[in-house]
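Close look at the chain arrangement
If you want the building blocks of each chain, they are given just below.
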Amino acid sequence: MNQGTGEAILLRLLRLAFEEITDSEPTVVTTDSAPQLSHRWQAHSETSPAEMARSASSLLASSPVLLIPPWSRHGTLKAHDAAILDVHPKNSKSMLAIILPSNVLTSGLDKAFREQLGRSWQPVLVLYAHVVPDNSGAALSLATVFLTARSPEPKPLRFFRIPLHEDENAVSIDFKDLLRRRGDASSFGYVATEQPAVGANLSFDFNHPDTKRRWNDLGVWGTPVPLSDLFITPLPGVFPGRESPPIYDGPHPGTVRVLSGRDIRRDGTLAGQDDSSRYAEVPPDRQLKVGDIVLPRFTSATAGHSIAVGEVTEDDLPLAASHTVVILREAIPLSRPQRLMALLYLRASPLVRTYLDSLNGRLRLSAKTLSRIPVPQPDESLTATLEGLETARSRLHQWQNESEDLLSSVFHDENAADARRRIMKSGRLLRMRTDAAGLLDDFSHQVRTRYPHPIAYRWSRAQVLLSNDADGSAYDAILEAAEVLLCYCALVALALAQEAGLRVGAIADLRRRLSRGGTNGPGFGDWAAILQEIATGKAFRNLGSGDHLTDFRDAFTGTEVIAARQALALRRNNEAHLRGVEVEDLPDAITEAQDDLITLLRRASFLADLPLVHVRRVHWDSLRKIARVEFEELTGDNVLVPARERTYASSDLEAGSLYLATDDSLLHLLRPFLLRRRCAKCRSWETLHIDSVPNFSTVQVKSLERGHTIQDTQLWTAFEYVGLVERQTN
């Protein structure tokens, strides 16, 4: 090839690679039928693949070799494999570089070739490039793989992809930087985090550390299984060949419409009948069925990460697929969340596109490669979330249809008065639905209805006082709500840390103060100190992504939330030491305090997904090894909530205790950090925490909701066990 677009930078990087890796120039071995590279190195042009192999093997004894074998216009090596596979290293320092069509390093069809090559050679650098010879406009996708003699010792494998339309000097500098790295990535390349197996896919994107990380993270969504465990891939009803039925331009008796790849829309729907539709006589057993998932066999190279994935519905039938469609049909009965997860994953995950592109190139899907894609299976909590989202989507769609039907029927009645009465009556429920849905966008409503009861109750009380212009009381209520929020979060975090065996150093200061006796109990500063340690403490830095302590750790970090917490602490301290706000300054103080409280509440929004649960009764079935649990979910500002039931696969629950319910369907004991008792003073059920130690046999607990206190001599042992109190010895 004469000098064309991309060839100059490719040659430049090849020179750099040989200089850095071998410190010498290569000898080029090629043939007249191979692509021609405008280099200035010494060259040997041979007449056959066998002669190329012999020449390259001989030259490896004295210099590195750049092998340019011939390949077909379709990017396959075919009979020219011998020009490569018969070349063997002379010694441990032998270096062989080969220019190939890039798909030879990635396609499943060439895996056997890569495996045979890998018996003698080990890749240390893969350089991808697009070259347009003679500026003809027909780009060649090339890969140059640098190989050294296979050794049991690990060697860094570097990948580099020459970017289009970048400054050549910048690309060269970046390439040279990569060649000197032992790990990490440069702007246009990277050092692989692990050596691929012999014969493995050497795609640039597939082996990228970011892609590897995302594959490793796939289990967060649920246990991955091969797609073939969930779906079979039946043949299309219309396929080119001797037995293919005739295709008609219009419907005929006994024919059904034929679905082509272009009929599958990116929103998951299938295009309906139009002038371009085709029809064929297809037996019922080869037609599409309700629930079949369909993908176009040929995809757009400009579609980004998305792939058009459709789902066949009753309204689409009867329908048959053409050879331009890949069909996925359930191999086992799947729940709707399982199907939804598979649909969303195939349609939108960059991992799927990267996987398919690396195996097939960017334009063609195949049933075989699709079948090997790992698909995450949602766990119980994610299943519940997906079911909720699916139900919400269905209901919203139903409400929209009802509204449209109602609006379109406004003038259908002959009697205008009857029509008006019907519209008002039928529209009332729809308006109530939208009003209720609109409230969920109001953050104050979210706190009142979805946050744990002690926090929701305190917030509601502050809002009521504000609406009644009780400025002084409202200001106090805002500060109390902030303290209750931090107290609740700190105590739940302590319970989770206790369960996980993680030590919280701040608890020692609290224990020393309580154990001195008297009424000097914990306050705003103590709760803040506990949360600060969980946010920054060494013991909590390496929590797993699924550990719910990470929610508490991350919620109270960051400049904004720390500033809000400190400002509220200062206000609370001022009020406690008779440095209250002057009457004329109250409106501004209330606004600023409420803004800071909202900042904390927003950061603690994860609490809406971690209900506070009061277990009332536990019935254990020893035969089935399962518990039937009667409980109350203490969510929202109303303490009067209906009792509910659930099953639980453990017998270690305590009737009468509080638990934190997490999205993995587990209940985490909060006793003794948080307790629930009926208050003798107000007769209400209260959420209680340790307040003081009047003497060394009694613990006083205080209500988060109303501040009422209860003394109990039976609590000492439990608080001593978790390290909140200790007996003083003389």
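Fair warning: this is a prediction, and the values are worked out from it, not measured in the lab.

Applying the stated criterion across every chain yields a total of 8 aromatic pairs. Aromatic side chains Phe159 and Tyr190 sit 5.1 Å apart centroid to centroid with 15° between the ring planes, which places their arrangement in the stacked category. Of this pair, Phe159 sits in strand β7 (residues 158-161) while Tyr190 sits in strand β8 (residues 189-191); the two residues are 31 residues apart in sequence, bridging distant segments of the chain. Each member of the pair Phe159 and Tyr190 is classed as buried. Centroid distance Phe443 to Tyr451: 6.4 Å. Interplanar angle 90°. Geometry classified as edge-to-face. For the pair Phe443 and Tyr451, one class covers both residues: buried. An aromatic cluster is built from Phe18, Trp41 and Phe146, whose rings are joined through pairwise contacts. Lying over the aromatic face of Phe443, Arg602 brings its terminal NZ or CZ to 4.1 Å of the ring centre.

Attention now moves to the environment of Trp41. Inspection of the secondary structure puts Trp41 in the loop between β1 (27-31) and β2 (43-46). Residues Trp41 and Pro26, spaced 15 residues apart in sequence, show a C-alpha to C-alpha distance of 6.8 Å. In contact with Trp41, not counting residues within four places along its chain, are Leu11, Leu14, Arg15, Glu25, Pro26, Val28 and Leu66.

In this section: the side chain of Thr148. Note on placement: Thr148 falls in strand β6 (residues 140-149). Polar side-chain contacts of Thr148 include one of 3.0 Å to the side chain of Lys155. Discounting chain neighbours no more than four positions away, the residues touching Thr148 are Ser94, Met95, Ser120, Trp121, Gln122, Val124 and Lys155.

Side chains on a regular strand alternate between the two faces of the sheet. Examined bridge by bridge, strand β19 (residues 612-621) and strand β22 (residues 658-661) share 3 bridges and lie antiparallel to one another. By the bridge assignment for β22, His614 is matched with Leu658. As paired elements, β19 and strand β20 (residues 626-633) share 8 bridges and run antiparallel to each other. Paired with Val618 across the strands is Val629, a residue of β20. Between β19 and β20, which pair antiparallel one after the other, the connecting turn spans 4 residues, and Lys625 there sits at a positive phi close to 55°.

This part is about helix α7 (residues 336-348). With 13 residues, α7 should reach 18 Å at 1.5 Å per residue; the first-to-last C-alpha distance of 18 Å fits that figure. Turning to α7, its buried residues number three or more, namely Pro337, Arg339, Leu340, Met341, Ala342, Leu343, Tyr345, Leu346 and Arg347.

We now examine a negative patch on the surface. A cluster of like negative charges, contributed by Glu582, Glu584, Asp585 and Asp588, occupies part of the molecular surface. Residue placement: Glu584 occurs in the loop between α18 (559-576) and α19 (586-603).

What follows concerns the nonpolar core. Counting residues in each nonpolar core, the largest one holds 81 residues, and the members touching the most others are Leu485, Tyr488, Phe552, Leu601, Leu607 and Phe719. Ranked by residue count, the leading element in this core is helix α14 (residues 471-500), at 21 residues. What Leu601 contacts, discounting residues up to four positions off in sequence, is Phe443, Val447, Tyr451, Ile455, Trp459 and Leu485.

Moving on, we get to the sheet that holds β7. Strand pairing in a sheet is mediated by backbone hydrogen bonds. Such pairs are either parallel or antiparallel. With mixed pairing, the 8 strands of this open sheet are ordered in space as β2-β1-β3-β4-β6-β5-β7-β8. Each edge of the sheet is formed by a strand with only one pairing partner; in this case those strands are β2 and β8. Put simply, the sheet's adjacent strands are angled 15° from each other on average, direction ignored. Bridge count for β1 against strand β3 (residues 65-68) is 4 bridges, and the pairing is parallel. Within β3, the residue paired with Thr30 across the bridge is Ile68. The strands that helix α5 (residues 168-179) touches are β5 (121-131), β7 and β8; relative to β7, the one it contacts most, it runs at about 170°.

Our focus in this paragraph is the side chain of Gln122. For Gln122, the location among the structural elements is in strand β5. In this structure Gln122 comes out as buried when scored by relative accessible area, which is 2%. A polar contact is formed between the side chain of Gln122 and the backbone nitrogen of Ser151, at a distance of 3.3 Å. Those residues in contact with Gln122 that sit more than four places away from it in its chain are Phe146, Leu147, Thr148, Ala149, Arg150, Ser151, Glu153, Lys155 and Gln195.

Contact geometry of helix α15 (residues 506-515) with helix α16 (residues 524-536) gives a least axis separation of 9 Å together with a crossing angle of 155°. The angle between α15 and α16 places the two elements in the roughly antiparallel class. Residues Ala506, Leu510 and Arg513 of α15 lie in contact with α16, whose contacting residues are Asp526, Trp527, Ala529, Ile530 and Glu533. Of the residues belonging to the contact of α15 with α16, the class tally is 5 nonpolar, no polar and 3 charged.

What the 4 strands build is an open sheet, ordered β24-β25-β26-β27; its pairing is antiparallel. Across the chains shown, the open sheet's two edge strands, defined by having one partner strand only, are β24 (675-678) and β27 (709-712). In this sheet, adjacent strand axes meet at a mean angle of 45° when their direction is disregarded. As defined by bridge partners, strand β25 (residues 685-695) adjoins strand β26 (residues 698-703) across 5 bridges and the pair is classed as antiparallel. Residue Leu688 lies in a different strand from β26, and its bridge partner there is Ser703.

Checked against the element boundaries, Glu726 lands in the segment after α20 (716-721). On the basis of relative accessibility, which here comes to 36%, the residue Glu726 falls in the partly exposed class. When the C-alpha atoms of Glu726 and Leu514 are compared, they prove to be 8.5 Å apart, with 212 residues separating the residues in sequence. With residues near it in sequence (within four places) discarded, Glu726 still touches Arg511, Ser515, Trp716 and Glu720.

A cis amide bond links Leu317 with the next residue in sequence, Pro318, at an omega value of 0°. For Pro318, the location among the structural elements is in the loop between β15 (310-311) and β16 (319-321). Cis rather than trans, the peptide bond between Arg671 and Pro672 has omega equal to 0°. With respect to the helices and strands, the residue Pro672 is situated in the loop between β23 (667-669) and β24. The phi torsion at Asp23 lies on the positive side, around 60°, for a residue other than glycine. Tracing the sequence through the fold places Asp23 in the loop between α1 (7-21) and β1. Taking relative accessible area as the criterion, Asp23 reaches 67% and is therefore assigned exposed. Phi at His165 takes a positive value of approximately 60°, unusual for a residue other than glycine.

Another point: the confidence of the model for the protein. Across the protein, pLDDT averages 84, with 88% of residues at or above 70. Within the protein, helix α11 (residues 416-439) has the poorest average pLDDT of any element, 67, and β22 the best, 95.

With that out of the way, let us pick up the packing of α18 against α19. Where α18 contacts α19, the two axes come as close as 9 Å, and the packing angle between them is 135°. By the criterion of interaxial angle, the relationship of α18 to α19 is oblique. Considering only the axes of α18 and α19, their crossing is left-handed. Counted together, Glu560, Val561, Ala564, Arg565, Ala567, Leu568 and Arg571 of α18 and Ala589, Glu592, Ala593, Asp596, Leu597, Thr599, Leu600 and Arg603 of α19 form the full contact between these two elements. Across the contact of α18 with α19, the residue classes break down as 8 nonpolar, 1 polar and 6 charged.

Thresholds, definitions, all that
Residues numbered from 1 in each chain as written. Predicted model: local features only at pLDDT ≥ 70, side-chain atom pairs only at ≥ 80, totals over all residues. Heavy atoms only, no water. Phe/Tyr/Trp six-rings, centres within 6.5 Å; stacked < 30°, edge-to-face > 60°. Helix = DSSP H or I, 4+ residues; strand = E, 2+ residues; numbered from the N terminus. Buried < 20%, exposed > 50% of the residue type's maximum accessible area, 1.4 Å probe, protein only. Lys NZ or Arg CZ within 6 Å of the ring centre and 35° of its normal. Contact = heavy atoms within 4.5 Å. Polar contact = N/O pair within 3.5 Å; in protein donor to acceptor, adjacent residues only side chain to side chain. Pairing = 2+ DSSP bridges. Expected span 1.5 Å × (residues − 1). Patch = residues over 30% accessible without salt bridge, like charges linked within 9 Å, V, L, I, M, F, W, Y side chains within 5 Å. Areas by Shrake-Rupley, 256 points an atom, 1.4 Å probe, with all protein chains shown as cover. Salt bridge = Lys/Arg side-chain N within 4 Å of Asp/Glu carboxyl O. Lys, Arg positive; Asp, Glu negative; His and termini not counted. Charge placed at Lys NZ, Arg CZ, Asp CG, Glu CD. Core = buried A, V, L, I, M, F, W, Y, C linked by side-chain atoms within 4.5 Å. Axes fitted to C-alpha atoms, helices over the stretch in contact; angles between N-to-C directions. Parallel < 35°, antiparallel > 145°, perpendicular 65-115°, else oblique. Nonpolar A, V, L, I, M, F, W, Y, C, P; charged D, E, K, R; others polar. pLDDT = per-residue confidence, 0-100. Left-handed = near helix turned anticlockwise from the far one by under 90°.

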